[in-house]
Amino acid sequence: MLGGSGSLNHMVYARGFPSDYHEWASIAGETWNWTNVLKYFMKTEHMTDTNIVNNPELMVYHGRGGAIEVSGTNEVMFSIKKFLQAFEELGFKTVPDMTYPNSIGAGCFSHTIRNGERDSSLRALLNNANSTSLHILKDTFVTKIIIENGTAIGIEAVKDDKTFLFYADREVILSAGTFNTPKLLMLSGVGRSEHLRSLGIDVVADLPVGSNLHDHAMVLAFLVADNGTCVSDEAENSMEAIKYLYDRTGFLAKADNMAAYLPLSSSEPTVPEFALYPTCIPQFSPFRSGCLTLGLNEDLCTELHNLNQEYELVTIAAVLLKPKSRGKVELNSINPFDDPLIYAGTFSEEQDLDHFPRLIKMAWSIADTNYFRSKNARVIKPWVEACSNLTESAWIKCMSRAMVTSAWHSVGTAAMGTVVDGDLKVLGINGLRVVDASVMPKIIRGNTNAPVVMIAEIAADLIKEHYSVSRTGTNLNNMTIGNLTASSMPNISQPNINLADVIENNDMINSSLIEVEITNVEIITTTDRQSDIDDTVNVA
Ligand SMILES: Cc1cc2nc3c(=O)[nH]c(=O)nc-3n(C[C@H](O)[C@H](O)[C@H](O)COP(=O)(O)OP(=O)(O)OC[C@H]3O[C@@H](n4cnc5c(N)ncnc54)[C@H](O)[C@@H]3O)c2cc1C
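Quick notes on the rules
Residues numbered from 1 in each chain as written. Predicted model: local features only at pLDDT ≥ 70, side-chain atom pairs only at ≥ 80, totals over all residues. Heavy atoms only, no water. UniProt positions renumbered as here; feature names shortened; annotations may be inferred. Helix = DSSP H or I, 4+ residues; strand = E, 2+ residues; numbered from the N terminus. Buried < 20%, exposed > 50% of the residue type's maximum accessible area, 1.4 Å probe, protein only. Contact = heavy atoms within 4.5 Å. Areas by Shrake-Rupley, 256 points an atom, 1.4 Å probe, with all protein chains shown as cover. Disulfide = S-S within 2.5 Å. 1 Å grid on protein atoms, 1.4 Å probe; cavity = no way out; pocket = protein on both sides within 12 Å on 5 of 7 lines; lining within 4 Å. Near = heavy atom within 4 Å. Polar contact = N/O pair within 3.5 Å; in protein donor to acceptor, adjacent residues only side chain to side chain. Nonpolar A, V, L, I, M, F, W, Y, C, P; charged D, E, K, R; others polar. Points joined across faces, edges and corners; volume = space filled by probe spheres on them. Salt bridge = Lys/Arg side-chain N within 4 Å of Asp/Glu carboxyl O. Pairing = 2+ DSSP bridges. Axes fitted to C-alpha atoms, helices over the stretch in contact; angles between N-to-C directions. Core = buried A, V, L, I, M, F, W, Y, C linked by side-chain atoms within 4.5 Å.

- Per an unreviewed UniProt entry, the protein chain goes by Glucose-methanol-choline oxidoreductase N-terminal domain-containing protein and derives from Bombyx mori.
- The record held by UniProt for the protein chain lists under Sequence similarities (unreviewed entry) the comment "Belongs to the GMC oxidoreductase family."
- Among the UniProt annotations of the protein chain, the heading Cofactor (unreviewed entry) holds the following wording: "FAD".

Structure (structure tokens):
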């Protein structure tokens, strides 16, 4: 579908924490430092979560007026209230904003939801782009980047069984995600020379494409509890469904995913290293298919399914946010329609596994809190044959190795610093940029969608900056809206539109996108915020 994972993900709004971007800046330059990326997070965001909007201390870090709505809810599900209470009993502070950089705890996330519906980059940005220069070819499968004499000049793609070549005026921007971006680069001769040669591909650039694959590692802990633990009132829940279907209101119009963040140690109390994501699964849920989708083994899914016929299930996903382990993506063959080979590499570094006894025991301790104790919650230790007869900590490590899954946040296979530079340009190739999760040199401490949108916003500015400077030969950064007429722009021939008139015409600005052609220079803005218009015009 259009929009990639943003069109199907859980809509949790997270950004990572300042220390993540200190790391990026040390690898890829100051464009990626916390202060700068924060500006771009705030630029895309229209924060409406009242838990945050009404708190000036939190709002310092949030934006209003950006394209993507980030909303919240005060009407959380019964089970979420109970989990928050349980975490409080376990010593976690309840926090109103899971993105707040100065303290961490347990709380509900904000979500990219507008009027009860997903507000992804597709819906908030692409669907609203009213541009004559944007063309989308649906059902078109890119098979290769055409690189000639070290310059990317276009792409090869297949649509309706026909092969087309598309040539780029200026550059090719690759955004095929953490698995398919490296695949396309490798099919085009950009990758580890040994691997490419083993498949008979001519090497255009020898780069560690596909290496550095990593993701948050996730292991589920299981409890069972009496019926009624998760659901407060069936009738009330049916009413909520009716409210949603009628006018997109009620708690189903919002999402209330929550987590508890834990630091590595008390010496870094504001830097989360781990997260616990609890879920309550009512009796007779269609749990088995979800369990199998997670990649868990059939016997285990059947065992849990059978328990769910009698009890309610509580799962607590214990997640390692900053894994050291690395995997890789490789080509399976030179056939572009073959999926790449994905070696997750999870727990290839033993240190990652060492954290799990503490994490899983913390998850289990939910059973010992007031509410869950009153519901006779007890820990279920799934039968894993290879792990029998071990001490508890050894059992947890063994079981974690057997049951670990992806948290759907894979990154790093065309990383800044090794495959692309800080401007996201592929090293050693002209005219080729990568803009997606693959460029993250190290995973951030949180869900990855908003950081991908932030990367895209920065890329847009880098691209505008690059072309305006090189094509006019003049740095226009000092221009202001007040003196903005094209005649005042050095080296640009007289346009037929006075930009100042356009900018002052709010109706045009609010119509969401302006495209003005001044000889070859295009100015595109999708914002009505004065500061953004200033930036856009300055770059142009
Ligand atoms: C199930 C799930 C739940 C998630 N939940 C959350 C969440 O709640 N919050 C959060 O912040 N993050 C979440 N994420 C992660 C987040 O959605 C992703 O990190 C992010 O969307 C990745 O964006 P991307 O642009 O790098 O790649 P993608 O979203 O994967 O986009 C790549 C696009 O390229 C297209 N493509 C690939 N190859 C080709 C080709 N050869 N030709 C043409 N097109 C091609 C794909 O079809 C796709 O549209 C979740 C992810 C998943 C899978």
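## Examining the overall build of the protein chain
At step 1: Of regular secondary structure, the protein chain possesses 19 helices and 24 strands.
At step 2: In the protein chain, which comprises 540 residues, the share counted as buried stands at 51%.
At step 3: In the protein chain, the share of contacts with a sequence separation of at least 24, taken over all contacts with a separation of at least 6, comes to 67%.
At step 4: When the accessible surface of the protein chain is totalled, it reaches about 24600 Å², and 50% of it is carbon and sulfur.

## Points about the UniProt feature "domain: Glucose-methanol-choline oxidoreductase N-terminal" (unreviewed entry) in the protein chain
At step 1: When the UniProt feature table is mapped onto this chain, "domain: Glucose-methanol-choline oxidoreductase N-terminal" (unreviewed entry) is found at residues 177-191.
At step 2: Between the C-alpha atoms that bound residues 177-191 the distance is 16 Å, and the span itself is 73% helix and 13% strand.

## Examining the state of the cysteines
As used here, a disulfide is simply a covalent bond connecting the sulfur atoms of two cysteines.
At step 1: For the structure shown, the criterion picks out 3 disulfides.
At step 2: Covalent S-S linkage joins Cys 230 and Cys 280, the inter-sulfur distance amounting to 2.2 Å. As the torsion about the S-S bond is roughly -75°, the Cys 230-Cys 280 disulfide counts as left-handed. Taken together, the residues span a long stretch of sequence, with Cys 230 in the loop between strand E14 (217-225) and helix H9 (234-247) and Cys 280 in strand E16 (residues 272-281) at a distance of 50 residues. Each member of the pair, Cys 230 as well as Cys 280, carries the same accessibility label: buried.
At step 3: Cys 387 shares a disulfide with Cys 398; S-S distance 2.1 Å. With the S-S dihedral at roughly -80°, the linkage between Cys 387 and Cys 398 falls on the left-handed side. Taken together, the residues Cys 387 in the loop between strand E20 (378-380) and helix H15 (392-403) and Cys 398 in helix H15 connect sequence positions 11 residues apart.
At step 4: Taken in sequence order, the bonded cysteines of the protein chain link in the pattern 1-2, 3-4, 5-6.

## Considering the UniProt feature "binding site: FAD" (unreviewed entry) in the protein chain
At step 1: Mapped onto this numbering, the UniProt entry annotates "binding site: FAD" (unreviewed entry) at Asn 9, His 10, Met 11, Val 12, Val 142, Trp 408 and His 409. Checked against the lining of the largest cavity, the annotated residues just named reduce to Val 12.
At step 2: Summarising the element assignment, His 10 is placed in the segment before strand E1 (12-13).
At step 3: Discounting chain neighbours no more than four positions away, the residues touching His 10 are His 111, Asn 257 and Trp 408.
At step 4: Mapped onto the secondary structure, Met 11 falls in the segment before E1.
At step 5: A relative accessible area of 18% places Met 11 in the buried class.

## A short note on the site of the ligand
At step 1: Ser 5, Val 142, Ala 437, Thr 448 and Asn 449 are the nearest of the 24 residues found near the ligand.
At step 2: At a separation of 3.4 Å, an oxygen atom of the ligand approaches a polar backbone atom of Gly 4.
At step 3: Here Ser 175 contributes a backbone N or O atom positioned 3.4 Å from an oxygen atom of the ligand.
At step 4: Counting residues per element, the shell around the ligand draws most heavily on helix H7 (residues 177-187), which supplies 3 residues.
At step 5: Of the residues that constitute the shell around the ligand, the class distribution is 10 nonpolar, 13 polar and 1 charged.

## Description of empty space enclosed by the protein
At step 1: In this structure the tally under the stated criterion is 6 cavities of 30 Å³ or more.
At step 2: Its volume calculated, the largest cavity comes out at about 100 Å³.
At step 3: Along its surface, the largest cavity is lined by Val 12, Tyr 13, Phe 41, Thr 44, Glu 45, Ile 68, Val 70, Thr 112, Asn 449, Ala 450, Val 453 and Met 454.
At step 4: Counting residues per element, the lining of the largest cavity draws most heavily on helix H16 (residues 449-472), at 4 residues.
At step 5: Residue composition of the lining of the largest cavity, by class: 8 nonpolar, 3 polar and 1 charged.

## Remarks on the pattern of salt bridges
At step 1: Considering all chains together, one arrives at 20 salt bridges under this definition.
At step 2: Two residues, Lys 381 and Glu 392, come together in a salt bridge whose shortest N-O distance is 3.0 Å. Within this pair, whereas Lys 381 is found in the loop between E20 and H15, its partner Glu 392 is found in helix H15, the two being separated by 11 residues in sequence.
At step 3: Here the salt bridges share partners, and the residues they tie into one network are Asp 20, Glu 23, Glu 273, Lys 322, Lys 442 and Arg 445.

## What to know about the sheet that holds strand E8 (residues 141-148)
At step 1: With respect to topology, 3 strands assemble into an open sheet ordered E8-E9-E10, the strand pairing being antiparallel. The open sheet is flanked by E8 and strand E10 (162-167), the only strands paired with a single partner. Neighbour-to-neighbour, the strand axes of this sheet turn through a mean angle of 25°, independent of strand direction.
At step 2: As judged from the 7 bridges shared by E8 and strand E9 (residues 151-159), these two strands associate in the antiparallel manner. Residue pairing across strands places Ile 145 opposite Ile 155, the latter belonging to E9.

## With respect to the nonpolar core
At step 1: Within the largest apolar cluster, 72 residues are counted, with the highest numbers of intra-cluster contacts made by Phe 356 and Ile 360.
At step 2: By residue number, the principal contributor to this core is E14, which donates 9 residues.
At step 3: Setting aside its immediate chain neighbours within four residues, Ile 360 contacts Val 219, Ala 221, Ala 318, Ile 396 and Met 399.
At step 4: Core analysis: the second largest hydrophobic core is formed by 59 residues, Phe 41, Leu 58, Leu 185 and Val 419 among them.

## Observations regarding the pairing of strand E17 (residues 312-320)
At step 1: Of all 9 residues in E17, 9 are buried, a share of seventy percent or more.
At step 2: Alternating positions in E17 separate into two faces, Glu 312, Val 314, Ile 316, Ala 318 and Leu 320 on one and Leu 313, Thr 315, Ala 317 and Val 319 on the other, with burial throughout.
At step 3: Pairing analysis gives 9 bridges linking E14 to E17, with the strands arranged antiparallel. Across the sheet, Val 224 pairs through a bridge with Leu 313, a residue of E17.

## Focus: the side chain of His 62
At step 1: Mapped onto the elements of the fold, His 62 is located in the loop between helix H4 (56-59) and strand E3 (68-70).
At step 2: A distance of 3.4 Å separates polar atoms of two side chains, one belonging to His 62 and the other to Arg 15.
At step 3: A polar atom in the side chain of His 62 sits 2.7 Å from the side chain of Glu 45.
At step 4: Among all residues touching His 62, those that are not within four sequence positions of it are Arg 15, Met 42, Glu 45, Met 47, Ile 52, Asp 97 and Thr 99.

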